[in-house]
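So the chains spell out like this:
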Amino acid sequence: MTPNDYHVSMDSLASLCKRRGFIFQTSEIYGGINGFWDYGPLGVELKRNIKESWWKSVVQTRENVVGLDSSIIMHPRVWEASGHIGNFKDPMVDCRETKARYRADQILVFKHKSDETLMFAYPEDEEPPAKKARRFNKTDPADYESVPLLDIPLENYDRLVAPNTKEAGTLTEPRAFNLMFKTFVGPVEESSNVAYLRPETAQGIFAQFGNVNATARQKVPFGIAQIGKAFRNEINPRNYTFRSREFEQMELEFFIKPGTDAEWHEYWVSERLNWYSRVGLPEGRMHRDIHEGDALAHYASACTDILYDFPFGTQELEGIAARGNFDLTQHQETAGKGLEYFDEETKERYLPHVIEPSAGVDRIALALLCEAYRVEWIPKGKDNDGKILTADPKAKQAPEGYEARTVLRFAPCIAPYKVAVFPLLKNKPELVAKAREVFEKLNERWTCFYDQTGAIGRRYRRQDEIGTPLGVTIDFDTLEDSTVTVRDRDTMEQTRMSISELENYIAERVKF
RNA sequence: GCGGGUGUAGCUCAGUGGUAGAGCGUCACGUUGCCAACGUGACUGUCGUCGGUUCGAAUCCGAUCACCCGCUCCA
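This structure is a prediction, so every number in the text was calculated from the model and none was measured. (Residues numbered from 1 in each chain as written. Chains lettered and ligands numbered in written order. Predicted model: local features only at pLDDT ≥ 70, side-chain atom pairs only at ≥ 80, totals over all residues. Heavy atoms only, no water.)

Q: For this particular structure, what's the right way to read a negative patch on the surface?
A: The grouping of Glu124, Asp125, Glu126 and Glu127 at the surface amounts to a negative patch. With respect to the helices and strands, Asp125 occurs in the loop between β7 (119–123) and α5 (130–137). (Patch = residues over 30% accessible without salt bridge, like charges linked within 9 Å, V, L, I, M, F, W, Y side chains within 5 Å. Areas by Shrake-Rupley, 256 points an atom, 1.4 Å probe, with all protein chains shown as cover. Salt bridge = Lys/Arg side-chain N within 4 Å of Asp/Glu carboxyl O. Lys, Arg positive; Asp, Glu negative; His and termini not counted. Charge placed at Lys NZ, Arg CZ, Asp CG, Glu CD. Helix = DSSP H or I, 4+ residues; strand = E, 2+ residues; numbered from the N terminus.)

Structure below.
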């Protein structure tokens, strides 16, 4: 599969997604809410196919991976153990003067050791503002020290000069932005009832590790997989559905023997890249971002992000982290319950390490839409050798002898509809009856679409725009010899075959 | 969160103080023997929302919400 060389604008894509029923703004009739999206009839099929192929690839075809569906609201101490309550908030400070906002933990303060004069805040990745200190306080910068902003008492903020300002006292106090959605369990809103919508599905797996281990009859290495909604109160959702506040994750926690982390990590990176290629994201558009040094969480020994070249930039679809046994250790300590695994072979007792491939369903859906969407110039009549060209996005019109079509070239295995069935003409009852018969048969096995409205060419194009890979047309020959034409979305070519061959042919074409 | 832009039919957009429009799409009927044909007809809007100014507001003003772009942020 070659990368799509048509660069769709997000506006055009959003327009098609709305027009055809892939994605709507949530509660649109009330004006919508920033960061929340609904999937329409086609979008829900697309997502279902993504999730099903992931499940098949990660769970069903592997004897040593089992599934789990944990609840969205869990005991609040789960998030204490995971570090989300402690760390899942970034204290931020705003500058009233420049309107800039900073992460408080990334700001240092350059202050005189006497701590009685003006202090100067600066970002940690910049040089201390020595000149500013000399100019404002008329003192030698050598007598200054740099301390974290969070160590500065609030009452001293009136002596604090913010970056790029000349006056002190423009910074607000650090405010925690907890990115977890908070709610209350039970009808009474009091602090003892506080609970959180999960910000990731992973912790449900760790919290149930003991039960799954006790019941699933698995031996390390083995995995627990989960697909489900997660919620993060993002400060600034952006880029269509890419960063949403409610989203769906597909996560695997693959538990391994300590010391085998590197090889299993590499194994899963490669397995996952292989999967992306099979659902229609070509190698040329996919990248690995290997985290090193500071970018790596303190407990992780490796983390590789899988990125896709979106029209708005190269962005993460999935992170594959080697998390050691950080999470199990945390839960074991916080809950005070033993979660160790007993290895019968070596008679060892240990907390398994874990490899965590964590993917975003909505981001993958968006990537697949971006990759599938293109406008093509197709030759009219028999001219131009029948060669289909990729349209120039800037061109207003197709060149002479060509006409434009919009097509979603989904990999057949993830296309919302697999097959469209058409009677050649709708005013011939015998064609309609035969087409209905074929449709109802195919519809038992695949999501199919029946359409008898309009000219046949128009119906083909309508299916192109929603990415249906195959069109089956019932014509007068069908009534004679039980053959139909099967029209290919990508080549627009037609193949004649008998109805008896149809199911095997489709099965072969749309298989994952 | 800041700055800029945008918001009118399902989509793309015109309409700048005086009766809400076009193209496309959708639906129905007719026609149609394989790639967006044609004819006839139909549906669709509190002009994003709320408030103000005005005899009168899609149009002017304010607020608010949403989307886009640039910052910022993204454990």
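Q: Got a minute to help me understand the confidence of the model for chain A in this structure?
A: Interpreting fine coordinate detail is not advised for predicted regions of low pLDDT. Taken as a whole, chain A shows an average pLDDT of 89; of its residues, 96% reach a score of 70 or greater. Between the elements of chain A, mean pLDDT differs from a low of 65, seen in strand β10 (residues 175–178), to a high of 98, seen in strand β3 (residues 65–67). (pLDDT = per-residue confidence, 0-100.)

Q: Just to check I follow, could you spell out the sheet that holds strand β22 (residues 389–390) for this structure?
A: In sheet architecture, strand pairing relies on hydrogen bonds along the backbone and comes in two forms, parallel and antiparallel. Spatially, three strands are ordered β22-β21-β23 in an open sheet, and the strand pairing comes out antiparallel. Either end of the sheet is taken by a strand with one partner, and the two such strands are β22 and β23 (402–408). With seven bridges joining them, strand β21 (residues 373–379) and β23 adopt antiparallel strand pairing. If you follow Val375 over to β23, its bridge partner there is Thr406. Against the sheet, helix α12 (residues 456–466) contacts β21 and β23, and its axis sits at roughly 45° relative to β23. (Pairing = 2+ DSSP bridges. Contact = heavy atoms within 4.5 Å. Axes fitted to C-alpha atoms, helices over the stretch in contact; angles between N-to-C directions.)

Q: Help me out: how do you make sense of the environment of Ile50 in this one?
A: Tracing the backbone through its elements, the reader meets Ile50 in helix α2 (residues 41–60). Separated by 38 residues in the primary sequence, Ile50 and Ser12 have C-alpha atoms spaced 23 Å apart. Leaving out residues up to four positions away in the same chain, Ile50 has contacts with Met250, Trp275, Val361, Ile364, Ala365 and Leu368.

Q: Is there a simple way to explain the pattern of salt bridges in this structure?
A: Note on pairing: side chains with opposite charge can pair once their charged atoms come close. A full pass over the atoms with the stated rule returns 33 salt bridges. We note a salt bridge from Glu318 to Arg272, for which the minimum N-O separation is 2.9 Å. Taken as a pair, Glu318 in strand β17 (residues 313–324) and Arg272 in helix α8 (residues 261–278) lie far apart in primary sequence, 46 residues in all. When the shortest N-O distance is used, the salt bridge between Arg285 and Glu371 registers 3.0 Å. Of the two residues, Arg285 is situated in the loop between α8 and β15 (286–290) and Glu371 in helix α10 (residues 361–372); the sequence distance between them amounts to 86 residues. For the pair formed by Arg285 and Glu371, the shared burial category is buried. Each of the salt bridges in this network shares a partner with another, and the network as a whole consists of Glu376, Arg405, Arg409, Asp464 and Arg487. (Buried < 20%, exposed > 50% of the residue type's maximum accessible area, 1.4 Å probe, protein only.)

Q: Explain a nonpolar patch on the surface to me, please; I cannot follow it from the model alone.
A: On the surface, a nonpolar cluster with roughly 210 Å² of combined accessible area is contributed by Ile72, Ile73 and Val185. Its place among the elements puts Val185 in the loop between β11 (182–184) and β12 (194–196). Of the residues examined, Val185 reaches a relative accessible area of 48% and is grouped as partly exposed.

Q: Just checking my understanding: could you explain the packing of aromatic side chains for this structure?
A: Centre distance and the angle of the planes are the two values used to describe a pair of aromatic rings. Under the definition given, this model contains 27 aromatic pairs. On the basis of an interplanar angle of 55° and a centroid distance of 4.6 Å, the ring pair of Phe209 and Phe255 is categorised as tilted. Of this pair, Phe209 sits in helix α7 (residues 209–215) while Phe255 sits in strand β14 (residues 246–256), and the two are 46 residues apart along the sequence. For the pair Phe209 and Phe255, one class covers both residues: buried. An aromatic cluster is defined as three or more aromatic residues linked by ring pairs; in this entry it consists of Phe206, Phe209, Phe222 and Phe255. Seen from the ring of Phe242, Arg363 lies directly overhead, with NZ or CZ sitting 3.9 Å from the centre. (Phe/Tyr/Trp six-rings, centres within 6.5 Å; stacked < 30°, edge-to-face > 60°. Lys NZ or Arg CZ within 6 Å of the ring centre and 35° of its normal.)

Q: How should I be thinking about the pairing of strand β27 (residues 483–488) in this particular structure?
A: Strand residues, when the strand is regular, have side chains that alternate between the two faces of the sheet. Most of β27 sits inside the fold, with six of its six residues counted as buried. Because side chains alternate across β27, one face comprises the buried residues Thr483, Thr485 and Arg487, and the other comprises Val484, Val486 and Asp488, equally buried. The pairing of strand β26 (residues 470–474) with β27 spans four bridges and is classified as antiparallel. Bridged to Gly471 within β27 is Arg487. Examined bridge by bridge, β27 and strand β28 (residues 494–498) share five bridges and lie antiparallel to one another. In the strand pairing of β28, Thr485 is matched with Arg496. Between the end of β27 and the start of β28, which pair antiparallel, lie five residues, with Met492 showing a positive phi angle near 65°.

Q: I would appreciate a short explanation of the packing of α2 against α10 in the present structure.
A: To characterise two packed helices, one gives the angle between the axes of the helices and the distance between these axes. Contact pair α2 / α10: the axes reach a minimum separation of 10 Å and the direction vectors enclose 115°. What the angle tells us is that α2 and α10 run roughly perpendicular. The interaxial crossing formed by α2 with α10 has right-handed handedness. Residues Leu46, Lys47, Ile50 and Lys51 of α2 form the contact with α10, whose participating residues are Val361, Asp362, Ile364, Ala365, Leu368 and Leu369. (Parallel < 35°, antiparallel > 145°, perpendicular 65-115°, else oblique. Left-handed = near helix turned anticlockwise from the far one by under 90°.)

Q: What is the right way to read the domain arrangement of chain A from this model?
A: Each assigned domain of chain A is listed with its residue range as follows: domain 1 (10–81 + 185–370), domain 2 (89–177) and domain 3 (417–510). At the junction of the two partners, domain 1 supplies eight residues and domain 3 supplies six residues. Of the roughly 580 Å² buried between domain 1 and domain 3 on both sides combined, carbon and sulfur atoms contribute 54%. Glu465 serves as the salt-bridge partner of Arg20, at 2.5 Å between the closest nitrogen and oxygen. On inspection of domain 1 and its partner domain 3, the count reaches two residue pairs in polar contact (both at pLDDT 80 or more). Ranked by the residues each element gives to the side of domain 1 that touches domain 3, the list is headed by α2, at four residues. The residue inventory of the side of domain 1 that touches domain 3, partitioned by class, reads three nonpolar, one polar and four charged. (Domains from an automatic or database assignment. Buried area = accessible area lost by both parts, 1.4 Å probe. Polar contact = N/O pair within 3.5 Å; in protein donor to acceptor, adjacent residues only side chain to side chain. Nonpolar A, V, L, I, M, F, W, Y, C, P; charged D, E, K, R; others polar.)

Q: Honestly, the nonpolar core in this entry has me stumped. Any pointers?
A: Nonpolar side chains in soluble globular proteins generally cluster together in the buried interior. Leu13, Phe22, Ile50, Met250, Tyr276, Leu369 and Phe410 are the most contacted members of the largest nonpolar core, which has 62 residues in total. By residue number, the principal contributor to this core is α10, which donates nine residues. If sequence neighbours within four positions are ignored, Tyr276 has contacts with Leu281, Met286, Ile306, Leu317, Glu318, Ala359 and Ile364. The next biggest cluster of nonpolar side chains, apart from the first, holds 21 residues, and it includes Phe439, Trp446, Leu470 and Ile506. (Core = buried A, V, L, I, M, F, W, Y, C linked by side-chain atoms within 4.5 Å.)

Q: Looking at this structure, I do not really get the environment of Asn178. What am I missing?
A: As for its position among the elements, Asn178 is in strand β10. For Asn178 and His84, which are 94 residues apart along the polypeptide, the C-alpha to C-alpha distance reads 9.0 Å.

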